[in-house]
Structure formats: structure tokens, C-alpha cells
Amino acid sequence: MFEVSNPNKTKIDRLFVGTELYSRIDGAQELFDYTLRKFVDLGNISVDTAECYGFGVCEKLIARIPIELKGQVKIFSKFGHKLIDGSKQKSFTRDSIEQQLLSSIQNTGRIYLDGYFFHSEDNDTFFRATPWDFLLEQKSKGLINKLGLSVKHDLIVAGDLEQVTSMKKFGLEVLTNLNFLIPDC
């Protein structure tokens, strides 16, 4: 596999481990657990996942991580998709987001999510179609610790920062972006 050397025992404030890749490989649980074990001594581990990654496959990996790692891992999931006739479709309706949230909590084996992110789409969906009041209500109930934005890379490239600059207005506290800086990635 790979080795992580940390001779100075440097701690990282927050290390995010992505999961989408694990939905496409054999031996995913073993590799995922191995990855978490290798990084656990570096600092605070957060897992970046989404209910749509393998339609629950990646989140279920989290539910099966070894007990000694569970308390050391924070879970951040995303919403915005559902499975329709075997394919992933965008879906930001209140009912769909409620179903996605409950699926994410159930799939991860947790009673709440440390973070729940808008899986960025166009500005109209962000500003008008997403039921922010419902999500803030779920946060107040303790099902979500922090709300966030996983901003769409194409928006950043185009210089469109409307969602980013409006985050706080909707109660979003965390920003993430998948950086494909090389066009052929």
C-alpha cells in the first residue's frame, strides 16, 4: 500500500479523506480502513462523502469502520442527487433532501452528520430551489452539526462566486471545492 511518515508528530487541524473513489474499487472497505489508520495520527480526520457516491456504498463503508476509529472521524456528506431509473439525477426538493439526509445518517450508522453540504449546482438552485429553512431546522434538531457548500468547480473557473459570497446568508459555515485545475482531469 502506502506509508505515511510523521516523524515530528505534526498535527493537522483537519484532514479530509474523500470517498467517491471507493465506490468503484474492489476491496474498498479494507483500503478505506487502511487509509484512515494511516492518517489517524496526523490529526483530526474528516470523511467527505455523499449519499450519491455509489448510492450509499461509500457511506456504508463509514458504518463499518473499526470501532477504535469511529470516535476519531467526523462525517461530512452532501445532498443534491437521487437515483431515478438506475441513474443519478439532480434533486433539491425538500422531500428529496429529507430522504437523502435520513439515508446518509442511516448509511453511516450515526445519529447525526458533522456536516451536510449543498452539492453545488447552478445559482438558481442554490438561491431559489433549495429549502434552506428545512435544513436549518434539521440543524436545530441536532441531525446536522454544520451546513456547508461544496462549490461546483465550473463556477469557480468561470469566476462566479455568488454562492460563496452568499453562504452566510443561508447559515452555511463550511466551504469545500474539488479542484480540477488541469482541464483533462
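Refer to the structure printed above.
Residues numbered from 1 in each chain as written. Predicted model: local features only at pLDDT ≥ 70, side-chain atom pairs only at ≥ 80, totals over all residues. Heavy atoms only, no water.

Draft legend 1. Fine view of the nonpolar core. Counting 38 residues, the largest nonpolar core has L36, Y116 and L135 as the members making the most contacts within it. With 4 residues, strand β7 (residues 144-151) is the largest single contributor of residues to this core. Not counting the four nearest positions on each side in its chain, L135 is found in contact with F79, I97, Y116, T130, I144 and L147. (Core = buried A, V, L, I, M, F, W, Y, C linked by side-chain atoms within 4.5 Å. Buried < 20%, exposed > 50% of the residue type's maximum accessible area, 1.4 Å probe, protein only. Helix = DSSP H or I, 4+ residues; strand = E, 2+ residues; numbered from the N terminus. Contact = heavy atoms within 4.5 Å.)

Draft legend 2. Quick look at the side chain of S120. Looking at the element boundaries, S120 is found in the loop between β6 (113-119) and α5 (123-129). Taking relative accessible area as the criterion, S120 reaches 5% and is therefore assigned buried. The residues touching S120, leaving out its near neighbours within four places in the chain, are L149, S150, V151, K152, L155 and Q163.

Draft legend 3. Summary view of the pairing of strand β3 (residues 73-79). With 6 of 7 residues buried, β3 is to be regarded as a mostly interior element. Relative to β3, strand β2 (residues 43-48) is paired through 4 bridges, and the arrangement is parallel. Bridge pairing in β3 links D48 to F76. (Pairing = 2+ DSSP bridges.)

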